[in-house]
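Geometric and topological summary
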Amino acid sequence: MLCQKCNMKNATSHIHYVLNGIVRDMYLCSDCAKEYHGTQSFDGDVFKMLSSLLNENIGNVKTTVKCDCCGADFNEIRRTGKVGCANCYKVFEAQLAPTIARIHGKTVHIGKKPLPAKSDEQPKQQEAVIDPKEQRIKELKDRMAEAIKNEEFEKAAELRDQIKAEEA
């Protein structure tokens, strides 16, 4: 596939983005991708990409706030592109939210949700009532299968006859 910008070289980068709720894809050659991203090349390293996005959105943050679970501070998260733990999302919510919104389009998960619990007011399904005759036939069939497995064919023939008699 050719680059969608210069139409000269083979596309090596795929850029997927959401703009005003519309999903778009661009396929660019390495030169056009570098131009698109500025002078940075991500080379497939997701953490470098996240780090650069964090650096782009926020200058040097002079803070001593650290996550009380893992001890990470925001400058470390910004430098590495890695969030220390789940609690970091709460501690650094104000700093991380713009980048998360830029990447995903939203900051709130709206994926699949579980079905609501059934209330006691709804009618309960009736328990399946097993007919004693059907239960007896099932037991006979199980015993016949076991007899065949053990190569007791005479016993299996007797059980087969009993099953036919029950079914009649």
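For the structure itself, look to the data block above.
Bear in mind that the values here come from a model prediction, so they are computed numbers and not experimental data.

Structural notes on the overall build of the protein chain
Across its full length, the protein chain carries 7 helices and 2 strands. Mapped from its N terminus to its C terminus, the protein chain presents α and β elements in the order β-β-α-α-α-α-α-α-α. Here the protein chain, with 168 residues, has 19% of them falling under the buried criterion. For the protein chain, the proportion of contacts with a sequence separation of at least 24, taken over those separated by at least 6, is 29%. A total accessible area of about 13400 Å² is found for the protein chain, and carbon and sulfur atoms account for 52% of it.

Considerations on the packing of helix α6 (residues 132-149) against helix α7 (residues 153-167)
Packing of α6 against α7 brings their axes to within 8 Å, and their N-to-C directions diverge by 165°. Taken together, the axes of α6 and α7 lie roughly antiparallel to each other. For α6 against α7, the interelement crossing comes out left-handed. Packed against α6, whose contacting residues are Lys133, Arg136, Ile137, Leu140, Lys141, Arg143, Met144, Ala147 and Ile148, the element α7 presents Phe153, Lys155, Ala156, Leu159, Arg160, Gln162, Ile163, Glu166 and Glu167 at the interface. Split by residue class, the contact of α6 with α7 holds 9 nonpolar, 1 polar and 8 charged.

Comments concerning the side chain of Asp73
Note on placement: Asp73 falls in the loop between α2 (46-57) and α3 (74-80). Among residues more than four places away in sequence, those in contact with Asp73 are Val65, Lys66 and Phe92.

About the cut-offs
Residues numbered from 1 in each chain as written. Predicted model: local features only at pLDDT ≥ 70, side-chain atom pairs only at ≥ 80, totals over all residues. Heavy atoms only, no water. Helix = DSSP H or I, 4+ residues; strand = E, 2+ residues; numbered from the N terminus. Buried < 20%, exposed > 50% of the residue type's maximum accessible area, 1.4 Å probe, protein only. Contact = heavy atoms within 4.5 Å. Areas by Shrake-Rupley, 256 points an atom, 1.4 Å probe, with all protein chains shown as cover. Axes fitted to C-alpha atoms, helices over the stretch in contact; angles between N-to-C directions. Parallel < 35°, antiparallel > 145°, perpendicular 65-115°, else oblique. Left-handed = near helix turned anticlockwise from the far one by under 90°. Nonpolar A, V, L, I, M, F, W, Y, C, P; charged D, E, K, R; others polar.

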